[in-house]
Amino acid sequence: MIDVAKIRKDFPILSREVNGKPLVYLDNAATSQTPTPVIDVIVDYYSKYNANIHRGVHTLSQEATDAYEQARAKVQHHFNIAKAQEVILTSGTTHSINIVASGFTSLLEKGDELLVSAMEHHSNIVPWQMLCERTGAVLKVIPMNEQGELDMGLYRELLSDSTRLVFCNHISNALGTINPIEEIIQEAHEVGAAVLVDGAQAAPHIKADMQQLDVDFYTVSAHKICGPTGVGMLYGKEEWLGKLPPYQGGGEMIAEVTFEKTTYADLPHKFEAGTPNICGGIAFGAALDYINAIGLTNIAAYENDLLAYATAELLKIEGLKIYGTSENKTSVISFNIEGMHPYDIGSILDKLGVAVRTGHHCAQPIMDFYKIPGTVRASFSFYNTKEEVDVLVACVKRARNMLA
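Predicted model only: the values in this text are computed from it and were never measured.

1. Thoughts on the overall build of the protein chain
Moving on, step 1. Along its length, the protein chain carries 14 helices and 17 strands.
Moving on, step 2. Here the protein chain has a C-alpha radius of gyration of 22 Å; the compact-globule value for 404 residues is 22 Å, and the two agree.
Moving on, step 3. The buried share of the protein chain, reckoned over its 404 residues, is 54%.
Moving on, step 4. At a minimum sequence separation of 6, the contacts of the protein chain that also span at least 24 residues come to 72%.
Moving on, step 5. Carbon and sulfur atoms make up 51% of the accessible area of the protein chain, which totals about 17100 Å².
Moving on, step 6. Between the mean site of the 32 positive side-chain charges and the mean site of the 48 negative ones, the protein chain shows a separation of 6 Å.

Next up, the structure:
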């Protein structure tokens, strides 16, 4: 059991007002808030040992390098990654996916097939479309049903000896569906295909074990899990990272440079060109420390309780429909009210101090599937409360009455 009242004191932003009302922050799927222990690490870095890493013999550089590599070790431990060199620190999930998509340009041939799920974020669609344009590979879509679940029977039918890569999110950012990635990975491997899982939405709710999953690539953004923006992780099996060429050229990713020839550094530095977000990486490690001190099992249990309560209360509102009704889902509720545009509802909620997301949530194919322009999305974290759910429900009712 977690002490939510105590936890909320760690998040300064939760005590502010918006439009004269106490802030009710329910846009956690877009970005989580940052606790004081992580903020303190950021301030400490810039106040005491701000320096470039891996390149200096002076004390500040050595201290910054040690802290940055300790953060990498924290990421490795948290996700049970076999080797530190399999942890590539990136600017986030989008950057991570693009590294892999770029690298596969030289590994694919015309007619090779890539499978992508129907419920992906644009970041896990567009890079693969661009890859297909470069290589002549074919992108095929794993369909979903009305409940917001992947059709696993059709997935199996799509798999073939021509399948080279499969892409799927662990949890849908738009619907909250938890996808059966263990099954997806195993069956893809049976036909010799590699699998990339977008774990951006899963990281705040599920402690994914890379060795247990046997996934080939897994991506995470720190800002979804109480860390700063502009930093994230690409996990890749060493054998795959060894096959991929560098994504960018520059400092740090080289072993030796002459005008005649350049040789590349070993992993992970091969994919970490230029000065990284040093402070962000260190703060990423601090965010994982914070989450692990609470316990992801405790967080999941609490958030599931919030999800059940919010679902039941919102469904009492006349004309309200929830999209994404899988039994296996996390604390995201996407909904509309009949005859009302989601943007209008979201705007009224903002005036009442409630922060939700409206639109297609960078998952436009999902909205096209349901033939809707978008949804109102309320997404809950472990620092939210049932009292805040009550405020949400009351404000949605008020918005409905105003727009009727």
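From this point, things continue past the structure.
2. Side note on the domain arrangement of the protein chain
How big an interface is tends to be reported as the loss of accessible area on association of its parts.
Moving on, step 1. Per the domain assignment, the segments of the protein chain are domain 1 (4-26 + 295-399) and domain 2 (39-292).
Moving on, step 2. Between the C-alpha centres of domain 1 and domain 2 there is a distance of 28 Å.
Moving on, step 3. With 33 residues of domain 1 in contact, the opposing surface of domain 2 contributes 31 residues.
Moving on, step 4. Here domain 1 packs against domain 2, burying approximately 2400 Å² in sum over the two surfaces, 59% of which is carbon and sulfur.
Moving on, step 5. Counting the surface domain 1 buries against domain 2, the share from its top three residues, Leu296, Ile366 and Phe369, is 24%.
Moving on, step 6. Applying the counting rule to domain 1 against domain 2 returns 0 salt bridges.
Moving on, step 7. Summed over the shared surface of domain 1 and domain 2, the result is 18 residue pairs in polar contact (both at pLDDT 80 or more).
Moving on, step 8. For the side of domain 1 that touches domain 2, the elements supplying multiple residues, two or more each, are helix H11 (296-314), strand E14 (332-337) and helix H13 (364-370).
Moving on, step 9. Residue contributions to the side of domain 1 that touches domain 2 peak at 6 residues, all from H13.

3. Section: the nonpolar core
Moving on, step 1. By size, the foremost hydrophobic cluster in this structure holds 106 residues, and its most contacted members are Val166, Tyr218, Met233, Phe284, Phe382 and Leu392.
Moving on, step 2. No other element matches helix H10 (residues 278-294), which puts 11 residues into this core.
Moving on, step 3. Taken domain by domain, this core gets at least three of its residues from each of domain 1 (4-26 + 295-399) and domain 2 (39-292).
Moving on, step 4. Residue contacts for Val166: discarding those within four places in its chain leaves Leu115, Ile142, Tyr155, Leu159, Ile184, Ala188, Ala193, Ala194, Val195 and Leu196.
Moving on, step 5. The next biggest cluster of nonpolar side chains, apart from the first, holds 25 residues, and it includes Val100, Leu108, Cys132 and Leu244.

4. Digging into helix H5 (residues 126-135)
Moving on, step 1. Turning to H5, its buried residues are Pro127, Trp128, Leu131, Cys132 and Thr135. Along the long axis of H5, the arc covered by the buried residues comes to 140°, so they all point the same way.
Moving on, step 2. Buried residues along H5 sit against helix H4 (93-103), strand E5 (113-117), strand E6 (138-142), strand E7 (163-169) and strand E8 (194-198).
Moving on, step 3. After H5 finishes, the residue Gly136 shows a positive phi value of roughly 85°.

5. A look at unusual backbone geometry
Moving on, step 1. Although it is not a glycine, Asp214 adopts a positive phi angle of roughly 60°.
Moving on, step 2. Mapping Asp214 onto the fold places it in the loop between helix H8 (210-213) and strand E9 (217-221).
Moving on, step 3. Positioned with a positive phi, Cys226 is a non-glycine residue whose angle comes to about 75°.
Moving on, step 4. Counting through the fold element by element, Cys226 comes out in the loop between E9 and strand E10 (232-236).

6. Re the pattern of salt bridges
Moving on, step 1. Going through the model one piece at a time under the given rule, you end up with 17 salt bridges.
Moving on, step 2. The shortest N-O distance in the salt bridge between Arg156 and Glu187 comes to 3.0 Å. Taken together, the residues span a long stretch of sequence, with Arg156 in helix H6 (residues 152-158) and Glu187 in helix H7 (residues 181-190) at a distance of 31 residues.
Moving on, step 3. Residue Arg156 is classed as partly exposed on the basis of its relative accessible area, which comes to 39%.
Moving on, step 4. For Asp305, the salt bridge goes to Lys386, with nearest N and O atoms at 3.2 Å. Placement of the pair is Asp305 in helix H11 and Lys386 in helix H14 (residues 386-403), with a sequence separation of 81 residues.
Moving on, step 5. By relative accessible area, which is 40% here, Asp305 ends up partly exposed.
Moving on, step 6. In the salt-bridge network here, residues are joined through shared partners; they are Asp27, Arg357 and Arg377.

7. Concerning the sheet that holds strand E16 (residues 357-359)
Moving on, step 1. Judged by pairing direction, the sheet is antiparallel, and its 4 strands sit side by side in the order E13-E14-E17-E16 without closing on themselves. Two strands lie at the open edges of the sheet, namely strand E13 (320-323) and E16, each paired on one side alone. For this sheet, the mean angle separating the axes of adjacent strands, direction not counted, is 30°.
Moving on, step 2. The strands touched by helix H12 (residues 342-351) within the sheet are E14, E16 and strand E17 (375-379), with E17 carrying the most contacts at an inclination of about 45°.

Conventions and cut-offs
Residues numbered from 1 in each chain as written. Predicted model: local features only at pLDDT ≥ 70, side-chain atom pairs only at ≥ 80, totals over all residues. Heavy atoms only, no water. Helix = DSSP H or I, 4+ residues; strand = E, 2+ residues; numbered from the N terminus. Rg over C-alpha atoms; globule rule 2.2 N^0.38 Å. Buried < 20%, exposed > 50% of the residue type's maximum accessible area, 1.4 Å probe, protein only. Contact = heavy atoms within 4.5 Å. Areas by Shrake-Rupley, 256 points an atom, 1.4 Å probe, with all protein chains shown as cover. Lys, Arg positive; Asp, Glu negative; His and termini not counted. Charge placed at Lys NZ, Arg CZ, Asp CG, Glu CD. Domains from an automatic or database assignment. Buried area = accessible area lost by both parts, 1.4 Å probe. Salt bridge = Lys/Arg side-chain N within 4 Å of Asp/Glu carboxyl O. Polar contact = N/O pair within 3.5 Å; in protein donor to acceptor, adjacent residues only side chain to side chain. Core = buried A, V, L, I, M, F, W, Y, C linked by side-chain atoms within 4.5 Å. Arc of directions from axis to C-beta. Pairing = 2+ DSSP bridges. Axes fitted to C-alpha atoms, helices over the stretch in contact; angles between N-to-C directions.

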